[in-house]
Amino acid sequence: MEWEETAGNCIHSFRDELDHYMPENGGPVVGYGYDYRGYIFVEFDKKSPENINESIIDEIYQIIDNNCKQEGVSEVPVIFEWGEVPTLDEELLPAEEIPYVNESDGVNFSSNEKKIAGNKTTGNKTTNQMPGFTSMMAVLGLLSLLVFKRSYK
């Protein structure tokens, strides 16, 4: 758990420097992060292996290693692997049903709120409720009262 936190701090420290290598900047890196096996991973676009060479891998490792040394980690374990550029498959929903999400706070402002399971919209207020939760809690409350009543006899 301690290493996971340290790895997270390392990743946060080199994020700006790796942006240069991301696809939106013409780079070959499609993703990076912390792997469940205890490694920091860097994914290269598997559709463009010709863009990857030893010097790119060395440059990226040096960025990671230098930033992790500042976090107190020497010889940071890094795995370089092939991955794919994440794509949004907009064909799953018709265009008029794709919800608008304000990325600044993650709040859904679409007109589809009533269709989302468990949401009730009243005026400008949206409340999340699990169907049947209230009745389930009432039954559990009554059962616990019966159990406590019998234990006191």
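Above this note sits the structure.
These notes cover the structure that comes with them. Bear in mind the structure is a predicted one, so any value in this text is a computation, not a measurement. (Residues numbered from 1 in each chain as written. Predicted model: local features only at pLDDT ≥ 70, side-chain atom pairs only at ≥ 80, totals over all residues. Heavy atoms only, no water.)

### What to know about unusual backbone geometry
Here is step 1 of the chain: Here the phi dihedral of Glu75 falls at roughly 50 degrees; this positive angle occurs in a residue that is not glycine.
Here is step 2 of the chain: Among the secondary structure elements, Glu75 is positioned in the loop between helix 2 (54-70) and strand 3 (78-83). (Helix = DSSP H or I, 4+ residues; strand = E, 2+ residues; numbered from the N terminus.)

### Points about the pattern of salt bridges
For side chains of opposite charge, pairing can occur when their charged atoms come near one another.
Here is step 1 of the chain: Considering all chains together, one arrives at four salt bridges under this definition.
Here is step 2 of the chain: Its salt-bridge partner being Glu81, residue Arg37 comes within 3.9 Å of it at the nearest N-O pair. Residue Arg37 is found in the loop between strand 1 (29-34) and strand 2 (40-45), and its partner Glu81 is found in strand 3; the two are separated by 44 residues along the sequence.
Here is step 3 of the chain: Given a relative accessible area of 23%, Glu81 falls into the partly exposed group.
Here is step 4 of the chain: Members of the salt-bridge network, linked through shared partners, are Asp35, Arg37 and Glu81. (Salt bridge = Lys/Arg side-chain N within 4 Å of Asp/Glu carboxyl O. Buried < 20%, exposed > 50% of the residue type's maximum accessible area, 1.4 Å probe, protein only.)

### Considering the packing of helix 1 (residues 2-18) against helix 2
Here is step 1 of the chain: Packing of helix 1 against helix 2 brings their axes to within 9 Å, and their N-to-C directions diverge by 140 degrees. In terms of orientation, helix 1 lies oblique with respect to helix 2. Between helix 1 and helix 2 lies a crossing of right-handed hand. On the side of helix 1, the interface is formed by Cys10, Ser13, Phe14, Glu17 and Leu18, while helix 2 contributes Ile60, Ile63, Ile64, Asn67 and Cys68. (Axes fitted to C-alpha atoms, helices over the stretch in contact; angles between N-to-C directions. Parallel < 35°, antiparallel > 145°, perpendicular 65-115°, else oblique. Left-handed = near helix turned anticlockwise from the far one by under 90°. Contact = heavy atoms within 4.5 Å.)

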